[in-house]
Amino acid sequence: MNRTTAAPVPAPDQSVIVVGAGPTGLALACELAAAGVSCTVLERRLTPSTQSRAMGLYSRTMEVLDLRGHADALAAHGRPVGRMVPARGARVDFAELDTRFPHLNVVPQSRTEEVLQQRALDLGVTVERGTEVFGLTQDGAGVTLQVRGESGEWAESADYVVGCDGAHSVVRELSGIAFRGRTYGIAPILADVRLRQPPPDEVVMLSGNGGVLVTVPYGDGLYRIAVARRDRPWTREPVTLEELSDVLTRALGFDPGPHAPEWLARFKIHQRIADQYRTGRVLLAGDSAHLHSPLGGQGLNLGIQDAVNLGWKLAAEVQGWAPAGLLDSYEAERRPQAERILRATDRATSLATSPSATLTTLRRAALGKALSYRRVRTFAAASISGLRAGYAGRAAHGGPRLRGGLPLPPRDGRRTRVGQRVPDLTVPRLGAAPVRLYSLMRDGRFVLLDLTADGRAAAVTEAWGSRVSPVRTGGPVPELPATTALLVRPDGYAAWVDGEADAAGRAERVRLALHRWCGVQGPAPRPAAGTADLPAPEASPEPVPEPEPTPAEQA
């Protein structure tokens, strides 16, 4: 066993065991540790993998990593690619997106793991390599894993266990969770090679004659190549340069001259999803929970966003302040996202590998025509990059108002909606310099933006100070029209939006929203800057009445 920590420290009582030290598992460990939850990661591999099936981080994934300060290191190791060509004569421009990361960040998965592992170690996470899980039992108090390694066999226990151990998840199997779906009849070739006649310096997807080719530039003349053909089923025979050259020639119409390979591999494509993401105190995330065609490069991104959605909810559960149903909202929010990606990638793979020349021609013409319009290109770029994904459609309950008296904002395209991504806007602050919103979220707390002059909304948060960071702007923020207060979740989505003109009832509305999302009042209040001279917030009967619905019911 190879146990790694940042420095020799006493082993804490672990609250969570994460099985799997891939990007999803390491991202989750970072989330938990940042929230103050002790965490151990178990990994079967003795050393990190140097091979990278995944190599692209889209805009929203970079944003959620930026919430905890991971993104800049990954951007430094990556290569920004601003354009995708989904077919000849069609393009999608990421550069048109309104985000700090208007591109696909091309970075090998091995480097992503390296950055996230170092961050996890810095936060106090223990990573145990060379440890294989072979048994799992749980009861109402916790989970016990049977583990083996070089030193023998032993038991590891924790309050919760999360399986991030990939497509062949042992945690999923031992928990009895079904993994339904199918395996495609095609077996793509994956290669990191240099090309004597390279394609344009952008992400290129070409299809025709029953095959599809994707090329992604790594930089320094190296390209990631993925090519699949319907007439080439799965085989255990190793991939050769001659075979790669042949399939590339058939796809491109000429031989691009692949040479100096750093990696050649053949793999199967699966489309599967777990029946459930949670059973008792065991949860699944990443490839353990869902698999799909790699066309579009969404798998790594989906897994990391699973981790960021789950991390703060599991931390709240472990620390004892989670509202009823919060942890269950992880599956309610993330499983539909996976289902959407599975459907989209399945359709794209079927179309791209169709042997019908007529269908291929129609597809190219339709994409070329649609993407000739800037609004369509921007919409496509935002969808592919994950900026349009959110939980707004799952936040409404029973019409335009949430039960409990908290109104949903109108769907007029202007005001931020509950469950919608909150962009990394510049936040003005009373008595301090403006700052990026995401830089205020490094510690994984909720952020309450008070956009009023009186600051009463911020003052209410003092009772939840260990869970909520209040920020007074002193007035309206242009990017948040018709909004007087906004509660931002730790994963960067809107938990609650207030646009009511009734200032007298604002404090009570804030109190209800905090009770719904942040539980009962917490310890260690932290006053908002500039609120010391304000009168106390309006009193309300105690205890605070239980609001409905819970986050799980909203989902």
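Counting restarts for each chain: residues are numbered from 1 in the order of the written sequence. Local features in a predicted model are, by the rule used here, given only for residues with pLDDT of at least 70; side-chain atom pairs are given and counted only at 80 or more, and totals for whole chains, interfaces and linings are based on all residues. Water and hydrogen atoms were dropped before computing side-chain values, which therefore reflect all heavy atoms in the structure.

**Observations regarding the overall build of the chain**
- From N to C terminus, the chain includes 13 helices and 31 strands.
- Three labels apply to residues, based on accessible area from a 1.4 Å probe with only protein chains included: buried if under 20% of the type maximum, exposed if over 50%, partly exposed otherwise in between. Out of the 555 residues in the chain, the part that is buried amounts to 55%.
- Look at the contacts in the chain between residues 6 or more apart in sequence, and 72% of them connect residues 24 or more apart.
- Accessible surface area values rest on a Shrake-Rupley calculation with a 1.4 Å probe, where residue burial reflects the displayed protein chains alone. Counting every atom, the chain has about 22,300 Å² of accessible surface; 52% of that belongs to carbon and sulfur. Working definition: helices are DSSP H or I runs of at least four residues, strands are E runs of at least two. Numbering for both runs from the N terminus. When checking whether two residues touch, look at their non-hydrogen atoms; a contact exists if any pair is within 4.5 Å.

**Concerning the side chain of Thr353**
- Along the polypeptide, Thr353 turns up in the loop between helix H8 (329-352) and helix H9 (357-370).
- Residue classification places Thr353 among the buried residues on the basis of a relative accessible area of 2%.
- Pairs of N or O atoms within 3.5 Å make up the polar contacts considered here, provided that, within protein, one atom can donate a hydrogen while the other can accept it, and that residues adjacent in sequence are counted only when both atoms are side-chain atoms. Within polar-contact distance, the side chain of Thr353 engages the backbone oxygen of Thr349 at 2.7 Å.
- Excluding residues that lie within four positions of it along the chain, Thr353 makes contacts with Ile186, Gly210, Gly211, Val212 and Arg230.

**Points about unusual backbone geometry**
- Unlike most non-glycine residues, Ala260 shows phi in positive territory, near 50 degrees.
- Mapped onto the secondary structure, Ala260 falls in strand E19 (residues 258-266).
- Positive phi, close to 55 degrees, is recorded for Ala482, a residue that is not glycine.
- With respect to the helices and strands, the residue Ala482 is situated in the loop between strand E29 (468-472) and strand E30 (485-488).

**Digging into helix H12 (residues 506-518)**
- Along its 13 residues, H12 runs 17 Å from first to last C-alpha, staying within 8% of the 18 Å computed at 1.5 Å per residue.
- H12 sits mainly inside the fold: 12 of its 13 residues count as buried.
- Within two residues after H12, Gly519 carries a phi angle of roughly 75 degrees, on the positive side. By this rule the span expected of a helix is its residue count minus one, scaled by 1.5 Å.

**What about the sheet that holds strand E28 (residues 446-450)?**
- At least two DSSP bridges between two strands are required for those strands to pair. Pairing is mixed in the open sheet, where four strands are placed in the order E29-E28-E30-E31. Strands with a single pairing partner mark the edges of an open sheet, and in this sheet they are E29 and strand E31 (494-498). For this sheet, the mean inter-axis angle between neighbouring strands, taken without regard to orientation, is 15 degrees.
- Inspection of the sheet shows E28 paired to E30 by four bridges, in the antiparallel sense. Across the sheet, the residue bridging to Leu448 is Leu487, located in E30.
- With respect to the sheet, H12 is in contact with E28, E29, E30 and E31, its orientation differing from that of E31 by roughly 170 degrees. For helices, the axis comes from a line fit to the C-alpha atoms of the stretch in contact; other axes are also lines fit to C-alpha atoms, and the angle between any two N-to-C directions lies between 0 and 180 degrees.

**A short note on the pattern of salt bridges**
- The rule for a salt bridge is simple: a side-chain nitrogen of Lys or Arg has to be within 4 Å of a carboxyl oxygen of Asp or Glu. Scanning all chains against the criterion turns up 33 salt bridges.
- In this structure, Asp346 engages Arg182 in a salt bridge whose closest nitrogen and oxygen atoms are separated by 2.5 Å. Remark: Arg182 occurs in strand E14 (residues 179-183) and Asp346 occurs in helix H8; sequence separation between them is 164 residues.
- Classification of Arg182 by relative accessible area gives partly exposed; the value is 36%.
- The partner of Arg194 in a salt bridge is Glu262, and the shortest N-O contact between them spans 3.6 Å. Note that Arg194 is positioned in strand E15 (residues 189-195) and Glu262 in strand E19, a separation of 68 residues in sequence.
- Taking relative accessible area as the criterion, Arg194 reaches 23% and is therefore assigned partly exposed.
- Judged by relative accessible area, Glu262 falls into the exposed class, the value being 55%.

**Regarding the environment of Tyr373**
- For Tyr373, the position within the fold is in the loop between H9 and helix H10 (374-385).
- Reaching out from Tyr373, the side chain makes a polar contact with the side chain of Lys369 at a distance of 3.4 Å.

**Topic: the pairing of strand E20 (residues 270-274)**
- With five bridges joining them, E14 and E20 adopt antiparallel strand pairing. Considered in E20, the bridge of Arg182 is made with Gln271.
- Where E20 and strand E23 (residues 290-291) come together, two bridges link them in antiparallel fashion. Of the residues in E23, the one forming a bridge with Ile273 is His290.

**Things to note about the environment of Glu317**
- Within the secondary structure layout, Glu317 lies in helix H7 (residues 299-319).
- As a C-alpha pair, Glu317 and Asp159 span 158 residues in sequence and 9.9 Å in three-dimensional space.
- Setting aside residues no more than four positions away along its own chain, Glu317 makes contact with Tyr160, Ala322 and Leu327.

**Comments concerning the sheet that holds E19**
- If you trace the seven strands from one edge of the open sheet to the other, you get E7-E6-E16-E17-E18-E15-E19, paired in mixed fashion. Whereas interior strands pair on both sides, the edge strands pair on one side only; in this sheet they are strand E7 (90-93) and E19. This sheet shows a mean twist of 20 degrees between the axes of neighbouring strands, independent of strand direction.
- Sheet analysis places E15 next to E19, joined by six bridges and oriented antiparallel. The partner of Asp192 across the bridge, within E19, is Trp263.
- Relative to E7, H10 is tilted by about 65 degrees, and along the sheet it contacts strand E6 (83-87) and E7.

**A closer look at the nonpolar core**
- By nonpolar core we mean a set of buried residues, namely Ala, Val, Leu, Ile, Met, Phe, Trp, Tyr and Cys, connected to one another through side-chain atoms within 4.5 Å. Core analysis: the biggest nonpolar cluster contains 86 residues, and Leu32, Leu145, Val162, Leu314, Leu437 and Leu449 have the highest contact counts within it.
- Considering every element that reaches this core, the biggest residue donor is H7, with eight residues.
- With residues up to four places along the chain from it excluded, the contact list for Leu32 reads Val16, Val18, Val37, Cys39, Gly311, Leu314 and Ala315.

**Quick look at helix H1 (residues 23-34)**
- With 12 residues, H1 extends 16 Å between its outermost C-alpha atoms, agreeing within 8% with the 16 Å of an ideal straight helix rising 1.5 Å per residue.
- The buried count for H1 comes to 11 of 12 residues, which makes it a mostly enclosed element.
- Along H1, the residues classified as buried are Pro23, Thr24, Gly25, Leu26, Ala27, Leu28, Ala29, Cys30, Glu31, Leu32 and Ala33.
- Lining the buried residues of H1 we find strand E2 (16-19), strand E3 (39-43), helix H4 (109-122), strand E13 (160-163) and H7.
- At the exit of H1 stands Gly36, carrying a positive phi of roughly 90 degrees.

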